[in-house]
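As a plain string of letters, each chain reads:
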Amino acid sequence: KAGVTQTPRYLIKTRGQQVTLSCSPISGHRSVSWYQQTPGQGLQFLFEYFSETQRNKGNFPGRFSGRQFSNSRSEMNVSTLELGDSALYLCASSLGDTKNTEAFFGQGTRLTVV
Amino acid sequence: AQSVAQPEDQVNVAEGNPLTVKCTYSVSGNPYLFWYVQYPNRGLQFLLKYITGDNLVKGSYGFEAEFNKSQTSFHLKKPSALVSDSALYFCAVRDGGAGSYQLTFGKGTKLSVIP
């Protein structure tokens, strides 16, 4: 069974630009969560989608948005990029129908804002 | 609100010695607890979880974790450390009661196994 796939693996963007990251979950998983990982802040939860609906949201500004498609693939968009948005963005998928199931992570997208 | 604390930023252990990585949690309902490992420039890999039942949970690569409800702890252990165990370890919690499905992570503990 294929794992969680994130594309692209690396991105370099300029301040003020916008970026879209993609995540393909494990087949059959309906929940996709996004996290931002930085050395200083650790893993911070951005949002979670389940069956195309945002089910949970973290404390990030509105510049961070996401969506999920009918095939459970998810995209995350960051508009008006700031230097502080440089981070590893991780996507995790899970079955999502019960709380006791583990999440499986992709390898992440490394975003560098210059 | 749910939270996880990993009190040690770094743990150093000699190869062959037992290792412990500490984790404490806070949730309002029953806790579902998870351990993950991250190698450089990689995503997180699932190691083990506690849902209910036996307080000692066994997972991948010889790791185990002990759930202690009274101390609200879920420490990760391994009887004999390998150099290849050197990585970043994350503890996570999800509240099994009503409410959010969010998985909350600790800040991580860097484990260094010294040859």
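Above this text you will find the structure in question.
Let me begin by describing the structure that accompanies this report. These numbers come from a predicted model, not from an experiment.

### Here's the deal with the interface of chain B and chain A
Argument step 1. Between chain B and chain A, the residue contacts involve 25 residues of the former and 24 residues of the latter.
Argument step 2. Between chain B and chain A, the buried area comes to about 2000 Å², and carbon and sulfur atoms account for 52% of it.
Argument step 3. Counting every contact that joins chain B to chain A gives 1 salt bridge.
Argument step 4. The shortest N-O distance in the salt bridge between K49 of chain B and E102 of chain A comes to 2.7 Å.
Argument step 5. Inspection of the chain B/chain A interface yields 12 residue pairs in polar contact (both at pLDDT 80 or more).
Argument step 6. Elements that contribute at least two residues to the side of chain B that touches chain A include exactly strand 5 (31–38), strand 6 (44–50) and strand 10 (87–95) of chain B.
Argument step 7. The class makeup of the residues in the side of chain B that touches chain A is 12 nonpolar, 8 polar and 5 charged.

### Topic: the pairing of strand 8 (residues 64–68) of chain B
All names here are of chain B.
Argument step 1. Strand direction decides the pairing type here: strand 7 (residues 56–58) and strand 8, joined by 3 bridges, are antiparallel. Bridging across to strand 8, L56 finds its partner in E66.
Argument step 2. Joining the antiparallel neighbours strand 7 and strand 8 is a turn of 5 residues, in which Y61 adopts a positive phi near 60°.
Argument step 3. Turn length for the strand 8-strand 9 (residues 73–78) hairpin, with the two strands adjacent in sequence and antiparallel, is 4 residues, and the turn residue T72 shows positive phi of about 45°.

### Points about the side chain of Q6 of chain A
Residue and element names in this part refer to chain A.
Argument step 1. Along the chain, Q6 turns up in strand 1 (residues 5–7).
Argument step 2. Take Q6: its relative accessible area is 5%, and that puts it in the buried class.
Argument step 3. For Q6, the side chain forms a polar contact with the main-chain nitrogen of C91, separated by 2.9 Å.
Argument step 4. Of note is the side chain of Q6, whose polar atom sits 3.0 Å from the backbone nitrogen of G108.
Argument step 5. What Q6 contacts, discounting residues up to four positions off in sequence, is S22, W34, Y89, L90, C91, G106, Q107, G108 and T109.

### Details of the sheet that holds strand 8 (residues 74–78) of chain A
Residue and element names in this part refer to chain A.
Argument step 1. Within the open sheet, the 4 strands sit side by side as 1-3-8-7. Their pairing is antiparallel. The sheet is open, and its two borders are formed by strand 1 and strand 7 (64–68), each paired with just one other strand. The mean angle between the axes of side-by-side strands here comes to 15°, regardless of whether they run parallel or antiparallel.

### Structural notes on the pattern of salt bridges
Argument step 1. Tallied over the full model, the rule gives 9 salt bridges over all chains.
Argument step 2. Across the salt bridge formed by E48 of chain A and R55 of chain A, the nearest N and O atoms sit 2.6 Å from each other.
Argument step 3. For the salt bridge of K58 of chain B with E64 of chain B, the shortest nitrogen-to-oxygen distance reads 2.9 Å.
Argument step 4. Look at E64 of chain B and you get buried, because its relative accessible area is 17%.
Argument step 5. In this structure, a network of salt bridges that share partners links the residues R63, E82 and D85 of chain A.

### Brief notes about the nonpolar core
Argument step 1. The biggest cluster of nonpolar side chains holds 27 residues, and the ones touching the most others in it are W35, L47, L48, F74, L76 and Y89 of chain B.
Argument step 2. For this core, the elements supplying multiple residues, two or more each, are strand 2 (10–14), strand 3 (19–21), strand 5, strand 6, strand 8, strand 9, strand 10 and strand 12 (109–114) of chain B.
Argument step 3. A per-element tally of this core places strand 10 of chain B first, with 4 residues.
Argument step 4. W34, F47, Y49 and Y89 of chain A belong to the second largest nonpolar core, which has 21 residues in total.

### Considering the packing of aromatic side chains
Argument step 1. Applying the stated criterion across every chain yields a total of 15 aromatic pairs over all chains.
Argument step 2. Measuring from centroid to centroid gives 6.4 Å for Y50 of chain B and F74 of chain B, while their planes differ by 55°, and the two rings are tilted. With Y50 of chain B in strand 6 and F74 of chain B in strand 9, this residue pair connects regions lying 24 residues apart in the sequence.
Argument step 3. Among the aromatic residues, those joined into a ring-pair cluster are Y35, F45, F104 and F105 of chain A together with Y36, F46, F90 and F105 of chain B.
Argument step 4. The ring of F50 of chain A has R55 of chain A lying over it, and the distance from NZ or CZ to the ring centre is 4.2 Å.
Argument step 5. If you follow K99 of chain A out to its NZ or CZ, it ends over the ring of Y101 of chain B, 5.3 Å from the centre.

What counts and what doesn't
- Residue positions are given per chain, counted from 1 along the sequence in the order it is written.
- Each chain is given a letter, starting from A, and each ligand a number, starting from 1, according to the order in which they appear as written.
- Given that this is a predicted model, residues contribute local features only at a pLDDT of at least 70 and side-chain atom pairs are listed and counted only at 80 or more, while totals for whole chains, interfaces and linings are drawn from all residues.
- Only hydrogens and water are set aside when side-chain values are computed; all heavy atoms of the structure are taken into account.
- Any two residues whose heavy atoms approach within 4.5 Å are treated as being in contact.
- Accessible area, probed at 1.4 Å, shrinks when two parts are joined; the buried area is that loss added up over both.
- Throughout this description, the term salt bridge denotes a Lys or Arg side-chain nitrogen within 4 Å of a carboxyl oxygen of Asp or Glu.
- Here a polar contact is taken to be a pair of N or O atoms separated by no more than 3.5 Å, where protein atoms must pair a possible hydrogen donor with a possible acceptor and residues adjacent in sequence count only if both atoms sit in side chains.
- Put simply, DSSP H or I for four residues or longer makes a helix, DSSP E for two residues or longer makes a strand, and each gets a number counted from the N terminus.
- Each residue gets one label: Ala, Val, Leu, Ile, Met, Phe, Trp, Tyr, Cys and Pro are nonpolar, Asp, Glu, Lys and Arg are charged, and the others, such as Gly, are polar.
- Note on pairing: two strands pair once DSSP finds at least 2 bridges between them.
- Buried, partly exposed and exposed residues are distinguished by accessible area as a fraction of the type maximum, computed with a 1.4 Å probe on protein chains only: under 20%, between the cut-offs, and over 50%, respectively.
- Every axis in this analysis is a line fitted to C-alpha atoms, fitted for helices over the stretch in contact. Angles between the N-to-C directions lie between 0 and 180 degrees.
- In this description, a nonpolar core means a group of buried Ala, Val, Leu, Ile, Met, Phe, Trp, Tyr and Cys residues linked to one another through side-chain atoms lying within 4.5 Å.
- Pairing of aromatic rings covers Phe, Tyr and the six-membered ring of Trp, with a centre-to-centre limit of 6.5 Å; geometry is then stacked below 30 degrees between planes, edge-to-face above 60, and tilted otherwise.
- A ring has a charge above it when a Lys NZ or an Arg CZ is no more than 6 Å from the ring centre and no more than 35 degrees off the ring normal.

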